[in-house]
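Each chain, letter by letter, is given below.
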Amino acid sequence: MALGACGGEDAKVAPGPPPPAARSWRMGFSPNPPRPSVQDVLRGIDLWSPRAEVAIIHEELPWTKLLAGTSADSIIDQDKQGLVDYLRGKNLSLFYMLDLTNGLARDEEAPQLVAARRSLSEPAIQQLARTWALAVQRRLNPVYLGLAAETNLIRLAAPAAVYQAVRQVANDTAAALAAAGATSRRFISVQVETAWGKLGNLPGNYLGIEQDFADFPFMQALGLSSYPYLGWSRPADLPADYYSRLRGTRTVPMLVCEGGWASQSTAAVNTSPQVQADYIDRHATLLDSVGAVACLQLQFTDIDITSVPAPVPANLPLFVSIGLADTQFGAKPALSRWDALHSRTRA
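Rules behind the numbers
Residues numbered from 1 in each chain as written. Predicted model: local features only at pLDDT ≥ 70, side-chain atom pairs only at ≥ 80, totals over all residues. Heavy atoms only, no water. Buried < 20%, exposed > 50% of the residue type's maximum accessible area, 1.4 Å probe, protein only. Helix = DSSP H or I, 4+ residues; strand = E, 2+ residues; numbered from the N terminus. Pairing = 2+ DSSP bridges. Right-handed = clockwise from strand over helix to strand, strands pointing away. Axes fitted to C-alpha atoms, helices over the stretch in contact; angles between N-to-C directions. Contact = heavy atoms within 4.5 Å. Phe/Tyr/Trp six-rings, centres within 6.5 Å; stacked < 30°, edge-to-face > 60°. Lys NZ or Arg CZ within 6 Å of the ring centre and 35° of its normal. 1 Å grid on protein atoms, 1.4 Å probe; cavity = no way out; pocket = protein on both sides within 12 Å on 5 of 7 lines; lining within 4 Å. Points joined across faces, edges and corners; volume = space filled by probe spheres on them. Nonpolar A, V, L, I, M, F, W, Y, C, P; charged D, E, K, R; others polar.

Colleague: Now, about the pairing of strand β2 (residues 54-60): what can you tell me, with residues and values included?
Modeller: The buried count for β2 comes to six of seven residues, which makes it a mostly enclosed element. With two bridges joining them, strand β1 (residues 26-32) and β2 adopt parallel strand pairing. The residue of β2 that forms the bridge with F29 is A55. Once you follow β1 into helix α1 (residues 38-48) and on to β2, the crossover reads as right-handed. Of the strand pairs in this sheet, β2 and strand β3 (residues 93-99) are connected by seven bridges, and their pairing is parallel. Across the sheet, residue V54 finds its bridge partner in β3, namely S93.

As structure tokens, then:
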């Protein structure tokens, strides 16, 4: 064609930028809304599903209903199946995390158990947990199924009996799932900043997670709960082996199943929307360094704290601004960084 001669024989075409590196990790969010309404749940999913491949449901067990005698299958039919069908209708794979203790206070048992004056250390309660997990596997069939969250933090913060109950339930549930021929990959999550000795009143020296590997030998993947702004001031300060040091020489797959970086400062955290955006890019290098299989944020939007029923957990303000959009679904600078990563070819 004549276009090939434009500019003359010696014309040079400047090379374009190199294509972005392929990513190994699938990206996604949970359906947690800024406010507890069906409208906000659906609006959020509609906005984030085009920029995701995975959805995660991360929740405490429905202890009140289970203790009242409602079957696990009935609870799933009523409370979960429609949501999961909607997510799968968006071509999203499902991950599911069972949270056995209080997700915002790891020194305590699940609030519904506390209200009922029951404990995870009871054999009957442990049986209910196994029954629920088996029903989740059977009815929802997630690709990855987490059996305990932030085990290293529970071990440090909770009474020994609570940690031992978590360990017992997770291992017994893994055995029951294996016996049932479950296809979901079973995992537990660890709290990364705790492993680095950076959370709360820890002395700051690296602690590792060797005990977690010993206590949960069934794990087919290692989940990471990572909120680095609780221990570091800038994303650039995160060590290059932030994730890889936890795994060591093992080859177990790693996935970030919750986490992020706040965009609003509090008394304990100094940050900004731009710092949050920088974290998205820094986090990508950490995910690449371990060939992660997934990166999931629980919040696509910020949490409207005025919609949280009293009593509001004292540490909740630390997490309300980790969304990539604000409470009115307006995009923050971090969302464009996320979208750029999502455009990378997946290996």
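Having seen the model, we can carry on.
Colleague: Residue-level account of the sheet that holds strand β8 (residues 294-299), with values.
Modeller: Spatial ordering of the closed barrel is given by β1-β2-β3-β4-β5-β6-β7-β8, a layout of eight strands whose pairing is parallel. Here the strands of the sheet are splayed against their neighbours by 25 degrees on average, with no regard to which way each runs. Contacting β1 and β2, α1 crosses the sheet at an angle of about 170 degrees to β1. Across the sheet, helix α12 (residues 273-289) is in contact with β6 (221-226), β7 (254-259) and β8; its angle to β8 comes to roughly 145 degrees.

Colleague: Could you give an account of the pairing of β6, with specific residues and numbers?
Modeller: Counting buried positions over the six residues of β6 gives six, a clear majority of the element. Where burial is concerned, the two faces of β6 agree: the one with A221, G223 and S225 and the one with L222, L224 and S226 are both buried. Looking at chain direction, strand β5 (residues 185-191) and β6 are connected through five bridges and run parallel. From the neighbouring strand, F187 faces β6, where its bridge partner is A221. Here β6 runs beside β7; their pairing, made up of five bridges, is parallel. Within β7, the position partnered with S226 by the bridge is G259.

Colleague: Just give me the short version of the packing of aromatic side chains, but keep the residues and values in it.
Modeller: Taken as a whole and judged by the stated rule, the model has 16 aromatic pairs. Residues W196 and W232 carry aromatic rings whose centres are separated by 6.1 Å and whose planes lie at 80 degrees to one another, so their mutual orientation is edge-to-face. Of this pair, W196 sits in the loop between α9 (192-195) and α10 (210-215) while W232 sits in the loop between β6 and α11 (244-247), placing them 36 residues apart in sequence. Of the two residues examined, W196 and W232, each falls in the buried class. Between Y242 and Y243, the aromatic rings sit 5.4 Å apart at their centres with planes inclined by 35 degrees, giving tilted as the arrangement. Like Y242, the residue Y243 is buried in the burial classification. Here the aromatic cluster, defined as three or more aromatic residues joined through ring pairs, consists of W196, Y206, W232, Y242 and Y243. Positioned above the aromatic ring of W25 is the side chain of R23, whose terminal nitrogen or guanidinium carbon lies 5.9 Å from the ring centre.

Colleague: Would you mind going over empty space enclosed by the protein in detail, with residue names and values included?
Modeller: Applying the stated rule across the entire model yields two cavities of 30 Å³ or more. Its volume calculated, the largest cavity comes out at about 100 Å³. As for the largest cavity, its lining consists of 15 residues, of which I280, H283, L287, C295 and W338 are closest to the centre. Residue assignment for the lining of the largest cavity shows that the elements contributing at least two residues are β7, α12, β8 and α13 (333-342). Its boundaries defined by the atoms lining it, the second largest cavity holds a volume of some 40 Å³. Lining of the second largest cavity is provided by S30, P31, N32, P33, P34, D40, V41, G44, W48, F300, T301 and F329. Residue assignment for the lining of the second largest cavity shows that the elements contributing at least two residues are β1 and α1. The dominant element in the lining of the second largest cavity, judged by the number of residues it contributes, is α1, at four residues. Each residue belonging to the lining of the second largest cavity can be placed in one class, and the counts come to seven nonpolar, four polar and one charged.

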